[in-house]
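Each chain, letter by letter, is given below.
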Amino acid sequence: MNKILATSRKYQFAVAMANRIVDENVRDGGAELLHINRRVLPSAFARTTGLLYRTFQREEAAGDDGFALPSRIIKALPLGSYLVSYVKGFSHCVSSFVNSIGTSQSAKRQLAIGGEEEIRAEKLAQELLWIMDKLRLCGAVDEALMQWSFAFGLASFSLTSNPRVQASIVKISARLVEELSRVDHEVPRQAKFRLLGLWLPLFCFAGNGLALPFLTCYEKPEAQRALDRVISTLPANDQEAILTTGCQT
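Below you will find a few notes about this structure. Because the structure is a prediction, the values reported are computed rather than measured.

## Regarding the environment of Pro-42
Along the chain, Pro-42 falls in helix H2 (residues 30–63). Take Pro-42: its relative accessible area is 3%, and that puts it in the buried class. Along the chain, Pro-42 and Ile-131 lie 89 residues apart, while their C-alpha atoms are 8.3 Å from each other. Sequence-distant contacts of Pro-42, that is, excluding residues within four places in its chain, are made with Asn-37, Leu-135, Ala-140, Glu-143 and Gln-147.

What follows is the structure, given as structure tokens:
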């Protein structure tokens, strides 16, 4: 599914079939088919996480051309995720003018690549959210929790990503924090500390996407209560470090 265009009928068919297979395995498949879900989905989560990270890298490389400030610097400004699209548009205009007097087309190609990577990142983030929901359905989030606690590069890129991409990543992080807060998940203290340290800045920094809040009026208080519960399970020194990180963001 990662390589199929999200707008194609083939993609919609693939998503519908994947939904049906996973749901039927949970509902009617018994222990054997549920075990298959629990093996396949964590692998898909890891693969899609890696693809999203590499897409961010390519998008940043394409955006940092000679006509604009590095995209991550712009995105760090207030409303930067929106400003960067206008800066890219301005860069495209400059590139077109310069090209008209004989300069190579490399800057124009870079802008086109950056736009493609941004669309790909949005698609991958939505797929990652879908996998996350299926992992929860199958009771198989333990590996995803560990993977998310080591996703240092992804956490860094997410702070300055497109709002639509950011929305999916915020929801994934919120769901994982909720899973962390459940008493039936025995997660090492170091993993809890890493996950909170990596993703709490995103909760603090992420905007509301202007048109649509990232979390619903029901999801937001649930996520806040889950954060409180998880933080309260950590030693005092770890709690202080986590809360300091949140305050400094």
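## Concerning the nonpolar core
Ranked by internal contacts, the top residues of the largest apolar core, which has 51 residues, are Phe-45, Leu-52, Leu-135, Trp-148 and Trp-199. Those elements that provide at least two residues to this core are H2, helix H5 (106–138), helix H6 (142–149), helix H7 (152–158), helix H8 (163–180), helix H9 (189–205) and helix H10 (219–232). The residues contacting Trp-148, other than those within four sequence positions of it, are Phe-45, Thr-49, Leu-128, Leu-154, Ile-169, Ile-172, Ser-173, Leu-176, Leu-195, Leu-198 and Trp-199.

## Concerning the side chain of Arg-175
Within the secondary structure layout, Arg-175 lies in helix H8. The class of Arg-175 is buried, set by a relative accessible area of 15%. Polar side-chain contacts of Arg-175 include one of 2.7 Å to the side chain of Asp-133. Setting aside its immediate chain neighbours within four residues, Arg-175 contacts Leu-129, Met-132, Asp-133, Arg-136 and Glu-219.

## With respect to the side chain of Lys-192
One can find Lys-192 in helix H9. Residue class for Lys-192 comes out buried when judged on its relative accessible area of 13%. Apart from residues lying up to four places away in sequence, Lys-192 is in contact with Leu-180, Val-187, Val-230, Thr-233 and Leu-234.

Calculation criteria
Residues numbered from 1 in each chain as written. Predicted model: local features only at pLDDT ≥ 70, side-chain atom pairs only at ≥ 80, totals over all residues. Heavy atoms only, no water. Helix = DSSP H or I, 4+ residues; strand = E, 2+ residues; numbered from the N terminus. Buried < 20%, exposed > 50% of the residue type's maximum accessible area, 1.4 Å probe, protein only. Contact = heavy atoms within 4.5 Å. Core = buried A, V, L, I, M, F, W, Y, C linked by side-chain atoms within 4.5 Å. Polar contact = N/O pair within 3.5 Å; in protein donor to acceptor, adjacent residues only side chain to side chain.

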